[in-house]
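The chain contents come next:
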Amino acid sequence: MPARSEKSFRTAMVGGFNRQDVLEYISSSAREHQTEVDAYRAGADKLRGERDALTARVNELSSQRDRADSLEA
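Quick caveat, the model's predicted, so the values are computed rather than measured.

Draft legend 1. Representation of the environment of Gln-20 within the structure. Looking at the secondary structure, you find Gln-20 in helix α1 (residues 19-72). Counting along the chain gives 11 residues from Gln-20 to Phe-9, while the straight-line C-alpha distance between them is 9.3 Å.

Draft legend 2. Up close: the pattern of salt bridges. What the rule picks out here adds up to four salt bridges. In this structure, the salt-bridge partner of Asp-45 is Arg-48, at a minimum N-O distance of 2.7 Å. Note that Asp-45 and Arg-48 are positioned in helix α1 at a spacing of three residues, about one turn of the helix. Note that Arg-51 and Asp-52 form a salt bridge whose closest N and O atoms lie 3.0 Å from each other. The exposure class of Asp-52 is partly exposed, given its relative accessible area of 43%.

Draft legend 3. Region of interest: the environment of Gly-49. Residue position: Gly-49 is located in helix α1. By relative accessible area, Gly-49 is classed as partly exposed at 36%. Gly-49 sits 31 residues away from Asn-18 along the chain, and the two C-alpha atoms are 47 Å apart.

Draft legend 4. Quick peek at α1. Taking 1.5 Å of rise per residue, 54 residues should cover 80 Å, and α1 covers 79 Å from first to last C-alpha, within 8% of that figure. The set of residues buried in α1 consists of Asp-21, Ser-29 and Glu-36. One side-chain oxygen of the residue at the start of α1 lies 3.0 Å from the amide nitrogen of Gln-20, identifying that residue as Asn-18.

Criteria and cut-off values
Every chain is numbered independently, its residues counted from 1 as its sequence is written. Local features in this predicted model are restricted to residues whose pLDDT is 70 or higher, and side-chain atom pairs enter the listing and the counts only when it is 80 or higher, whereas totals over whole chains, interfaces and linings include all residues. Note: side-chain values were computed over all heavy atoms of the structure, leaving out hydrogens and water. Here a helix means four or more residues in a row that DSSP labels H or I, a strand means two or more in a row labelled E, and each is numbered from the N terminus. We define a salt bridge as a side-chain nitrogen of Lys or Arg found within 4 Å of a carboxyl oxygen belonging to Asp or Glu. The rule is simple: take the accessible area with a 1.4 Å probe, protein chains only, and divide by the maximum for that residue type; under 20% is buried, over 50% is exposed, in between is partly exposed. Residue count minus one, scaled by 1.5 Å, sets the expected span of a helix. In protein, a polar contact requires one atom able to donate a hydrogen and another able to accept it; more generally it is a pair of N or O atoms within 3.5 Å, and residues adjacent in sequence count only if both atoms are side-chain atoms.

Here it is, written out as structure tokens:
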């Protein structure tokens, strides 16, 4: 995960920070967060697919072994 750069806000005339700067920062942070979440979800989906394929292969090989054992008997 990339490091976030520090953001400095302009101060407002009556104390606090410039409202638009803060809103833009929050919006930008939310977009970055959603992009990261989407990437993690895509990675998790890919791994689930790989797991399912490997599980199916293990089951197939187990079934073949069982057939081979019964033919030997």
